[in-house]
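Working through the structure, step by step
So you can see what is in the structure, the chains are spelled out below.
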Amino acid sequence: MAHVARTDLPPVGGNPSSAGAGTNPGSFANASRVGTPWTFSSPDTPGMPQPSDKTAWDFMPEDWTCVDGRWTPPAGFTPVTQLEHARLGTITPEMRRVAEREGHLTPEQVRDEVAAGRLVIPANRRHLAQRLDPMAIGRATKTKINANMGASPISSSTDEEVEKLEWAVRWGADTVMDLSTGGDLDATRAAIIGAATTPIGTVPIYSMIIGRKIEDLDEETVLATLRHQAEQGVDYFTIHAGVLQEHLPLVAERVIGIVSRGGSLLAKWMIHHGRQNLMNTMWEDICDVMREYDVTFSIGDGLRPGGLADATDGGQLGELEELGRLTERAWRKGVQVMIEGPGHVPLDQIEYNMKLQRRVCHGAPFYVLGPLVTDVFPGYDHITSCIGATNAAWHGASMLCYVTPKEHLGLPKRDDVKQGCIAYKIAAHAADVALGIPGTRDRDDELTAARAALNWQKHFDLSFDPDTARAYHDEDLDVDTDFCAMCGHDWCSVRISKEITQFVSGKDERFQWDRAKVSEALSPEQARILEQRGVLSPDEIHRLAAKTKGAVHADEGKAACHSDVADDEAAKKVQEEVAAG
């Protein structure tokens, strides 16, 4: 059958399907240009800030020399950081591992993106000697997600935090931040780093003020704390050095003031001392400590908006300008940099925020919290922020800091961590497919083919959370057959499409199955999921968790609910019994 060509489609970027499966024309993103600021990017709405014409190559150490386009360090120089190795043209083992994990990038491309400052590999040398599996954050890579956790003075413990770390990684966290403010901070941090294969980040100012007032913080304490955490193996630090004295009048009339803990603490320090932010004035000294261990900067957004009413205001944008200057200073010291971004931003302002950062910070990876696109859904902020996060990643963010249902309300528990991680995996994956990153739609296409073939088990196997998918299915119909309980036999469009001989739908040989069959008994996790839903009675859940084939009228041959048995009426037997209760 001839295809009708469409002439009214916009130019398309790369196809996220390796096989070019389906009839989709491909991504509507810009064509990918690895090695430029438009690596994987969305088309600009008119009036958006354009990328910076500078990269980390424009901010080299003063004692390096450039001859014929090649930079040379001073005699006796030994590269330490991934950025320094990349500047010398070296491909490190960590860069090779990143390329292997990404799949669509070569080691040379990883090296070049690191050298340009558009990609970071948070990999403390101490953590590399333990269990760290190197990964990268940048717009050339797939979008990453971060999970926050940490003990507070009123909740949680070291063991619980390690358990939450393992749980977050299970549900897709690419990095984890330990934001502990209570308990034994040192022991908790050491335990998390020792258990983690993912990069670990911290906000060191929390430890700096344990046992003292913020007003007593001094330069010696700052450097001692940073060195200690670097020696433990922390891979990236959030340092709120962009909050300046001159910014404080700009946020005085905010509805909710300064919502960043680090930002509010340093604002109070500046007001008390009548001095500039000490994290800013001692920036080069901080860089020296971080370079020694190759700790990556996550330069904090201490003036991020805490509500829609304060978004994109003078304080937030003024701080962003300073974050750009701090990026330049860090690159001159050979330290890797990513930038933290806003938390509450209306949907219409997200693209501007992402593309302004790309310009002001010369393409350094952007790591954003959400952003939340509305303020009136406490208890559901993993959803409100997931909407903003999807848009942020589409328009340029490289890593998304998850928000859980407990955001604004309390410390997340295990299920909150799972819900937050899954919401943000959805956001990151949706953006990667839209951006046309090669191969990102392959698993979607596989699951679609399994769904078209009505191969339920393969459908579940390919899903991100097979236990939940299986439990929800079996709640209504615990037989894998060629229709589902949502449509029933007569109305199942997928079954009808599969039967149309002119269609390829449902005929992929990889997903064929020869008979309907009773599903396996529920696993303990699947039973727990149904118990929490509260739809089925305990007796019904027990039956599903301890069932036999005879319990659903099936034998060793085809189940009676299969639509191609001799008696078509028998195919409806199960759904009628379910409907009758």
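Scroll up for the structure.
My aim in this report is to walk through the structure given alongside it, one point at a time. (Residues numbered from 1 in each chain as written. Predicted model: local features only at pLDDT ≥ 70, side-chain atom pairs only at ≥ 80, totals over all residues. Heavy atoms only, no water.)

1. Concerning the side chain of Lys418
The cut-off we apply is this: Segments assigned H or I by DSSP are reported as helices when at least four residues long, segments assigned E as strands when at least two residues long, and all are numbered from the N terminus. Two N or O atoms count as a polar contact when they lie within 3.5 Å, although within protein this holds only if one can serve as hydrogen donor and the other as acceptor, and sequence-adjacent residues are included solely when both atoms are side-chain atoms.
Among the structural elements, Lys418 can be located in helix H15 (residues 414-435). Here the side chain of Lys418 touches Asp465 through a polar contact of 3.2 Å, side chain to side chain.

2. Quick look at the pattern of salt bridges
Pairing is possible between side chains that carry opposite charge, provided their charged atoms lie close to one another. Just so we agree on the cut-off: When a carboxyl oxygen of Asp or Glu is within 4 Å of a side-chain nitrogen of Lys or Arg, the pair counts as a salt bridge.
Applying the stated criterion to the full structure yields 33 salt bridges. Ionic pairing is found between Glu100 and Arg97, a salt bridge with its closest N-O pair at 3.2 Å. Residue Glu100 and its partner Arg97 are located together in helix H2 (residues 93-102), separated by three residues, close to a single helical turn.

3. Things to note about the nonpolar core
Selection rule: In plain words, nonpolar cores are sets of buried Ala, Val, Leu, Ile, Met, Phe, Trp, Tyr and Cys residues tied together by side-chain atoms within 4.5 Å. Residue exposure (1.4 Å probe, protein chains only): buried if accessible area is under 20% of the type maximum, exposed if over 50%, otherwise partly exposed. Whether two residues are in contact is decided by their heavy atoms: any pair within 4.5 Å suffices.
Membership of the largest hydrophobic core comes to 98 residues, with the highest contact counts inside it found for Met279 and Phe297. Considering every element that reaches this core, the biggest residue donor is H15, with eight residues. When residues no more than four places from it in sequence are discounted, the contact partners of Phe297 are Phe237, Ile239, Trp283, Ile286, Cys287, Met290, Ala330, Val335, Gln336, Val337 and Met338. Of all hydrophobic cores here, the second largest spans 15 residues; its members include Ile91, Ala99, Ala136 and Ala140.

4. A word on unusual backbone geometry
Cis geometry marks the peptide bond from Gly370 to Pro371; its omega dihedral reads 5°. Here Pro371 is to be found in the loop between strand E11 (366-369) and helix H14 (381-394). With a phi angle near 55°, Asp68 is a residue other than glycine that sits in the positive phi range. Along the chain, Asp68 turns up in the loop between strand E1 (65-67) and strand E2 (70-72). Backbone geometry at Asp294 places phi at a positive 55°, although glycine is not the residue there. Within the secondary structure layout, Asp294 lies in the loop between helix H11 (283-293) and strand E9 (296-299). By relative accessible area, Asp294 is classed as buried at 1%.

5. A few points about the packing of aromatic side chains
Here is the rule: Note on aromatic pairs: the rings of Phe, Tyr and Trp (six-membered ring only in Trp) are paired at centre separations within 6.5 Å, and the planes decide the class, stacked below 30 degrees, edge-to-face beyond 60, tilted for the rest.
Taken as a whole and assessed by the stated rule, the structure comprises seven aromatic pairs. Measuring from ring centre to ring centre gives 5.2 Å for Trp64 and Phe77, while their planes differ by 75°; the resulting arrangement is edge-to-face. Taken together, the residues span a long stretch of sequence, with Trp64 in the segment before E1 and Phe77 in the loop between E2 and helix H1 (82-87) at a distance of 13 residues. Among the residues examined, Phe77 registers a relative accessible area of 23% and is labelled partly exposed.

6. Some remarks on the environment of Glu113
Residue placement: Glu113 occurs in helix H3 (residues 107-116). When its relative accessible area of 2% is taken as the criterion, Glu113 is described as buried. Counting along the chain gives 74 residues from Glu113 to Thr39, while the straight-line C-alpha distance between them is 9.7 Å. Setting aside anything within four residues of it in sequence, one finds Glu113 in contact with Gly35, Thr36, Thr39, Arg118, Leu119 and Ala140.

7. Considering the pairing of strand E6 (residues 175-178)
We count it as follows: When DSSP finds two or more bridges between a pair of strands, those strands are recorded as paired.
Here E6 shows two buried faces, one formed by Thr175 and Met177 and the other by Val176 and Asp178. Direction of pairing for strand E5 (residues 144-149) relative to E6: parallel, over a ladder of four bridges. Within E6, the position partnered with Ala147 by the bridge is Val176. Relative to strand E7 (residues 200-202), E6 runs parallel, the two being bridged by three bridges. For Met177, the partnering residue across the bridge sits in E7 and is Gly201.

8. Examining the pairing of strand E8 (residues 236-239)
Burial along E8 is two-sided: the residues Tyr236 and Thr238 and Phe237 and Ile239 are all buried. Alignment of E7 against E8, held across two bridges, turns out to be parallel. By the bridge assignment, Thr202 is partnered in E8 with Phe237. Sheet topology places E8 next to E9; four bridges connect them, and they run parallel. Residue pairing for E9: Thr238 is matched across the bridge by Ser298.

9. Remarks on the sheet that holds E6
Strand pairing in a sheet takes place through backbone hydrogen bonds and is either antiparallel or parallel in direction. Basically, it comes down to this: In this analysis, axes come from line fits to C-alpha atoms, helices being fitted only over the stretch in contact, and the angle between any two N-to-C directions falls in the range 0 to 180 degrees.
The eight strands lie next to each other as E5-E6-E7-E8-E9-E10-E11-E12, forming a closed barrel whose pairing is parallel. For this sheet, the mean angle separating the axes of adjacent strands, direction not counted, is 25°. Looking at chain direction, strand E10 (residues 337-341) and E11 are connected through three bridges and run parallel. Bridge assignment links Glu340 to a residue of E11, and that residue is Tyr367.

10. So, a nonpolar patch on the surface
In plain terms, the rule: Patch members must show over 30% relative accessible area and no salt bridge, and they are joined within 9 Å when carrying like charges or within 5 Å when they are nonpolar side chains of Val, Leu, Ile, Met, Phe, Trp or Tyr. Surface accessibility follows the Shrake-Rupley procedure with a 1.4 Å probe radius. Residue values consider only the protein chains on display as shielding.
Residues Leu347, Val376, Phe377, Tyr380, Ile383 and Ile387 make up a contiguous nonpolar surface patch of about 600 Å² in total accessible area. The topology assignment puts Tyr380 in the loop between E11 and H14.

11. Some remarks on helix H5 (residues 158-170)
Which entries qualify depends on this criterion: Take the number of residues in a helix, subtract one, and multiply by 1.5 Å to get its expected span.
Between its terminal C-alpha atoms H5 stretches 19 Å, which fits the 18 Å expected from 13 residues at 1.5 Å a residue. Restricting attention to buried positions, one finds in H5 the residues Glu161, Val162, Lys164, Leu165, Trp167 and Ala168. Considering only its buried residues, H5 is in contact with E5, E6, helix H6 (185-195), E7 and H15. One or two residues past the end of H5 sits Gly172, with phi positive at roughly 105°.

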